[in-house]
Structures are given as structure tokens and as C-alpha cells.
Amino acid sequence: MPVGIFRVCLVVITAIVNHPLLFPKENGTVPENMEEIIQKMKEREESLRLERLRLEQEIAAQEATQKALEKAAEVVEESKEEKVRWDMWTALSMVIFLLIEVWRQDFQEGNWQDTGGEEDDMAVLGKAFKGVAFPDKAVLASFYEKRILGTTGDMARMREMVEGFADDLLEALRSVCNRDADMEVEDCMGVGSMYENWRVRKPFVCDLIVPFAPPEPYCFRSQTWCSGDSFPPDEQGYGTIKVCRADEDVTGCICDKTKLGEDMLCLLHSQTNTTRPSSEMEDLLCFKNTQYLDANQVMKWFQIAVTKAWNRISHKYEFDLSFSLLDSPGALKIKFRSGKSIAFNLTPVVQYENSDVYFISHFPRSSLAADLPSSNHWFLTFAVYERRFIQLVSKTLPANACHVSCLQILSFLHGKQCSLTGPSGLTNYHLKTVMLHLLQTRPSQDWAPEKLEARLQDMLKFLEKCLHEKKLYHFFIGNGNIPAELCFPIIFQRAEPLNLFRPFVLHRDVYRKTVDTFHEMLRNMSALINEYTVHIPLAHANGIHKEAL
């Protein structure tokens, strides 16, 4: 109660003190100050309001940015998840594809290796053979007798004439050459279809190779793509030939690799023979500033030497001799006064070590050596071993075996088709390679003369399979089953197989043209054969078949 009375008294006293009537007149400016204060408070309030709006806008902008960042992060996370899923499916698809491809190749190889019967071979036939009318035995026998057998005698007479003239020409060439400075030329050898008795299309052309060697004291040291050093794919099948002194170490003297010092001399090499003038190497037909034999230099030398040799003996003959192809060193043509002519190739080659494998610089009428990597790269030819292999296998085959007949018929059909539709990527060398593979895989009794039709189908099947896979391997390179009687160099047997159809992988237009020509040949086969076959009764045809084969 006393507290309440005290509070009432305090309120009354305060009211009396603060009554306006108690203040003097000089305090009359208080209301004006209050208005100024109120105005400032309003301005402050307005500024605070503006500041609040600015802060709200900044907060809203930050919230929008944060939301955009969160949304972008979600999109990136989703894309990562999708990419991971896509990579997984891509990898899985690639693995499945590779497994299918490996299985397909293994299946095809296994299917071709199984040559147990003709029914299995027929399974290899593709769609190209469906609907093809294959000539029967009587028609094939009549065609072979009428079109092919008559050319055998002409080939024998031509070979004899060309070989005799080539020997005389080479003897004259040796006489005009400087024995101390020029290359030494050996006797020529016949190779190819004319000497394997299967060439059928005219004009007949004899292929002769002429080994040559450098003058003393020089020698050739060769290096092939399978000798150990790595060669690019486009140089497989090639090699280089280095011209060295006979007393020069192959690996090189230690004086070339070690600095001996000013007061020491090498007892094997003097300062006079450590360097060899470039003019001397050019005289040895080497590529400029190198020791490697140049194919172009050899071509020029050989053409000049042949021209000199012919000028010396031309008075003995009643015909003219000329070069038929400027880009081939020994493509020669004999022109008689009657207007007839005979063409033959006399090509210089270099022997590989002590074997019958030769380095050859040019292939006239062949695409095997087209587009040489450089003029100091030489292609290897196994023509001598191919001829020997055919002769060796022929001794184990039945009398009048049909292997050569099959090759002759196939060569004729392909050549006739190319004359109608234009050239293709197939060559006679490819066809002979097919025959060599089948000679090695087929039993001897399968080449009896009465099985001509079946073996011809085998060759066509094999060729179709190789075209489909773009793989036709060289018969000798990488083949470990070469008969020991041939004494074939082991380095080539152990080498990786050489695919003769590799150009088809690189040139799709050539491959397409080749396949189309092959299919067209199959469709026209009966018509091409019937064109050269006389219609005869069936009974009489069987008699001709036995006599012809």
C-alpha cells in the first residue's frame, strides 16, 4: 500500500515538472526541432526501406544462382551416368563383335583345312556358283583337244629358237663389256608359263632371267624383309642388295666404331680405302651416294649392253631386234621381214646367296612388282623353285594328270573374259599359285585325267574363297611343307606368309572389278568353251576325251 501511494505521488510530481506552462518563453523552438527530427527519421526509414529491398534482391539473386548451380550439377551427374552406361554397352558390343569375328575366321580356316571329300568342298561354294551351267567331261575334252593341245608344238619350237638366239646375244654382250669394270653376265634360264607348258593365249612370250655379278674385288650382299630387321607392310616380299668389297667384313671393323687415337692404325684398313668415291659406286650401278644396287641404273646398263651386243652380231641374222617396252630392261621383240614377230623377255637378276631365289627388278606384263617402294628395292622371284616343284610333283601323279590342263583352261577362260570386260586384278601368277596349293593338299590319285571336271571346280572354289577373304598366300613363303628335295632356303619357310591379295584390301575399286570379272567369267564359262568346241555325239566325245587326255 505505501508503495502504491509513492508511485501515485511520483507520477503527479513528474506531470507538474513537465507541464508546458512551467518552461520559459525561450523554449518555444522545441516543436520546430521535433519536426526536423521526424523528417530525418522518415528519411532514415526510407533509406532503410531501400536497403532492405536491395538486400532482398541480392538474396533472391543468390538463391536463383544456387538453384541454377544445383540444376547444372544434377545434369552433369545424369550425363556421367548415361556416359558410363553407354561406354559399358559399347565395350560389351565390341567384345561380342571380336569374338564373333575370331570364331568366323577359325571356322572358315577349319572348314577349308578339311579336304576329306568332295561333298565338304561343295559346301565352300558361294552364291556365285548357283545356277552356273558347268561343262561336262565330253565338252571339256573336246575343248582341250581343239583349243589347247595344238599350241604345245608351237611353244616348243619358239622356246628352241629364242633360247638359241639369247645365248648368242649374251655371248656377244660379254665380249663388248669390260671384264675389269662391267658386271659379269651368266647364262640365262627359262621360267614361267612357257617353260612349265601351260601357256595357252597368244602371243607367246618366253621369259628368260639372266643372273649377273659385280666385277672383282666386289660382291653382292643381300638383305630381305624376313632377315630380322623390321620392314613396313608395303616392303614385304622385297629386299636390298649392297655392293661391298669381297674382303670387307659384313658386320664392320671395330675401327669404324671405336676411336683408336692419333698414334694407332687399323692393320686391316688403311686411310685410302676407308671412304669410297661416289663416282666409283655409281659405276657399280648403285643408288646415288649409297652402296645399294639401283634397279634403274641396272636397266640403263643392260639396255646399252644389249644394244652394243646386237650391233656386233646383227649381220648374222635376217631380222631386226628392238625393245618393245621402254620401262622394262629386257623386253625384246624380233621382227622378221615377212611381218611376223616374236617377243621375249631377257631380265637381269641377282642371285640370293647360294640358292635359286633371285632378286628381280622388273616384272613385264605383271602387277606383282608394281609400285616399288624405291629403285633400290628388288622383288624376290621363286620361279625356278616353282618350275622344279611342278616337275617333282608330276612324277608322283598318274599318267596324263590333269593339273596342267586345269590351269590351262582356267587361264584361257580368265584371259578371254578380260578381253571382253577389261583387265582385272587377277593374274596368271595368282592362278598358278592356286594350282600349287591344291597340288600340295590333294592326294595324287585325285589328279587322274578323268577327274578334270572335278579338279577344275576345285580351283574355281579355292579362288572364290580367296577372293571372298582377300587372302591368297604365296606358295613358298611361310610354307613349312616344302619337299626337302628342292633344298629350299629355310629362312623363307619360317617367314610370315605373304598375302598376294593384299592390294585388294587397299584398293576397293580394283577388288570390286576383279570380283565382278570372276563372276562374269563363271556365267560365261559354258559359252566361252562352246565357242571353241565342235558339237559331236556323246559316244564319239567319250572316245576323244580318252585320246586327248
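So, here is what we can say about the structure in this document. (Residues numbered from 1 in each chain as written. Predicted model: local features only at pLDDT ≥ 70, side-chain atom pairs only at ≥ 80, totals over all residues. Heavy atoms only, no water.)

A regular strand carries its side chains on alternate faces of the sheet. Burial along strand β10 (residues 378-381) is two-sided: Trp 378 and Leu 380 facing one way and Phe 379 and Thr 381 facing the other are all buried. Direction of pairing for strand β9 (residues 358-360) relative to β10: antiparallel, over a ladder of 3 bridges. Residue Ile 360 lies in a different strand from β10, and its bridge partner there is Phe 379. (Buried < 20%, exposed > 50% of the residue type's maximum accessible area, 1.4 Å probe, protein only. Helix = DSSP H or I, 4+ residues; strand = E, 2+ residues; numbered from the N terminus. Pairing = 2+ DSSP bridges.)

The geometry of helix α11 (residues 428-441) relative to helix α12 (residues 452-469) is characterised by a closest axis approach of 10 Å and an angle of 110° between their N-to-C directions. As far as their axial angle goes, α12 and α11 are roughly perpendicular. Remark: the crossing between α11 and α12 carries right-handed chirality. Contact residues: Leu 431, Val 434, Met 435, His 437 and Leu 438 in α11; Asp 458, Met 459, Phe 462 and Leu 463 in α12. Taken together, the residues of the contact of α11 with α12 break down into 7 nonpolar, 1 polar and 1 charged. (Axes fitted to C-alpha atoms, helices over the stretch in contact; angles between N-to-C directions. Parallel < 35°, antiparallel > 145°, perpendicular 65-115°, else oblique. Left-handed = near helix turned anticlockwise from the far one by under 90°. Contact = heavy atoms within 4.5 Å. Nonpolar A, V, L, I, M, F, W, Y, C, P; charged D, E, K, R; others polar.)

A few words now on the packing of aromatic side chains. Overall, the coordinates contain 28 aromatic pairs when judged by the stated rule. Where Trp 225 meets Phe 492, the ring centres are 6.0 Å apart and the plane angle is 35°; that geometry is what we call tilted. With Trp 225 in the loop between β4 (218-224) and β5 (238-245) and Phe 492 in helix α13 (residues 490-493), this pair connects stretches of sequence that are 267 residues apart. Owing to a relative accessible area of 0%, Phe 492 belongs among the buried residues under this scheme. With centroids separated by 6.3 Å and ring planes inclined at 15°, the aromatic side chains of Phe 382 and Phe 476 adopt a geometry described as stacked. Linking Phe 382 in the loop between β10 and α9 (383-394) with Phe 476 in the loop between α12 and α13, this pair joins segments that are 94 residues apart in sequence. On the accessibility criterion, Phe 382 (2% relative accessible area) is buried. In textbook terms, an aromatic cluster arises when at least three aromatic residues are bridged by ring pairs, as seen for Trp 225, Tyr 352, Phe 359, Phe 382, Tyr 385, Phe 389, Phe 475, Phe 476, Phe 488 and Phe 492. When the ring centre of Tyr 511 is taken as reference, the NZ or CZ atom of Lys 470 above it lies at 4.5 Å. (Phe/Tyr/Trp six-rings, centres within 6.5 Å; stacked < 30°, edge-to-face > 60°. Lys NZ or Arg CZ within 6 Å of the ring centre and 35° of its normal.)

With that settled, the discussion passes to a negative patch on the surface. A cluster of acidic residues, Glu 70, Glu 74, Glu 77 and Glu 78, forms a negative patch on the protein surface. Mapped onto the secondary structure, Glu 78 falls in helix α2 (residues 30-113). A residue is classified by how much of its surface remains accessible, and Glu 78, at 47% relative accessible area, is partly exposed. (Patch = residues over 30% accessible without salt bridge, like charges linked within 9 Å, V, L, I, M, F, W, Y side chains within 5 Å. Areas by Shrake-Rupley, 256 points an atom, 1.4 Å probe, with all protein chains shown as cover. Salt bridge = Lys/Arg side-chain N within 4 Å of Asp/Glu carboxyl O. Lys, Arg positive; Asp, Glu negative; His and termini not counted. Charge placed at Lys NZ, Arg CZ, Asp CG, Glu CD.)

Moving on: the nonpolar core. Counting 111 residues, the largest nonpolar core has Leu 169, Leu 293, Phe 344 and Leu 346 as its most contacted members. Counting 9 residues, the second-largest nonpolar core is a separate cluster that includes Val 191, Val 349, Tyr 358 and Phe 379. (Core = buried A, V, L, I, M, F, W, Y, C linked by side-chain atoms within 4.5 Å.)

Before going further, it helps to spend a moment on helix α8 (residues 295-313). Taking 1.5 Å as the rise per residue, α8 with 19 residues should run 27 Å; its terminal C-alpha atoms sit 27 Å apart, in good agreement. Of all the positions in α8, only Ala 295, Val 298, Met 299, Trp 301, Phe 302, Gln 303, Ala 305, Val 306, Ala 309, Trp 310 and Ile 313 are classed as buried. By the N-cap criterion, in which a side-chain oxygen at the helix start approaches the backbone nitrogen of a residue two or three places on, α8 is capped by Asp 294, the distance to Asn 296 being 3.0 Å. (Expected span 1.5 Å × (residues − 1). Polar contact = N/O pair within 3.5 Å; in protein donor to acceptor, adjacent residues only side chain to side chain.)

Below, the discussion takes up unusual backbone geometry. Trans peptide bonds make up the majority, and among non-glycine residues the majority have a negative phi. Cis geometry marks the peptide bond from Lys 202 to Pro 203, where omega comes out at 5°. Within the secondary structure, Pro 203 is located in the loop between α6 (193-196) and β3 (205-213). A cis geometry characterises the amide bond from Glu 216 onward to Pro 217, with omega recorded as 5°. Tracing the sequence through the fold places Pro 217 in the loop between β3 and β4. With phi around 55°, Lys 470 is a residue other than glycine that occupies positive phi space. As for its placement among the helices and strands, Lys 470 is situated in the loop between α12 and α13. Residue classification places Lys 470 among the buried positions, given a relative accessible area of 19%.

This paragraph deals with helix α15 (residues 508-530). For α15, built from 23 residues, the straight-helix expectation of 33 Å at 1.5 Å per residue is met to within 8% by its first-to-last C-alpha distance of 33 Å. Within α15, burial applies to Tyr 511, Thr 514, Val 515, Thr 517, Phe 518, Met 521, Leu 522, Met 525, Ser 526, Leu 528 and Ile 529. Buried residues along α15 sit against α4 (137-148), α10 (403-421), α12 and α14 (502-506).

If you trace the backbone, Asn 479 turns up in the loop between α12 and α13. With relative accessibility at 11%, the residue Asn 479 sits in the buried group. There is a polar contact of 3.0 Å between the side chain of Asn 479 and the backbone oxygen of Phe 475. In terms of polar contacts, Asn 479 uses its side chain to reach the backbone amide nitrogen of Asn 481, at 3.0 Å.

A few words now on the packing of α4 against α10. The geometry of α4 relative to α10 is characterised by a closest axis approach of 11 Å and an angle of 75° between their N-to-C directions. When the axis of α4 is compared with that of α10, the two are roughly perpendicular. In this structure, α4 contributes Leu 140, Phe 143, Tyr 144, Arg 147 and Ile 148 to the contact, and α10 contributes Ser 405, Gln 408, Ile 409 and Phe 412. Here the contact of α4 with α10 is built from residues that sort into 6 nonpolar, 2 polar and 1 charged.

Function cannot be inferred from these measures alone, as they are strictly geometric.
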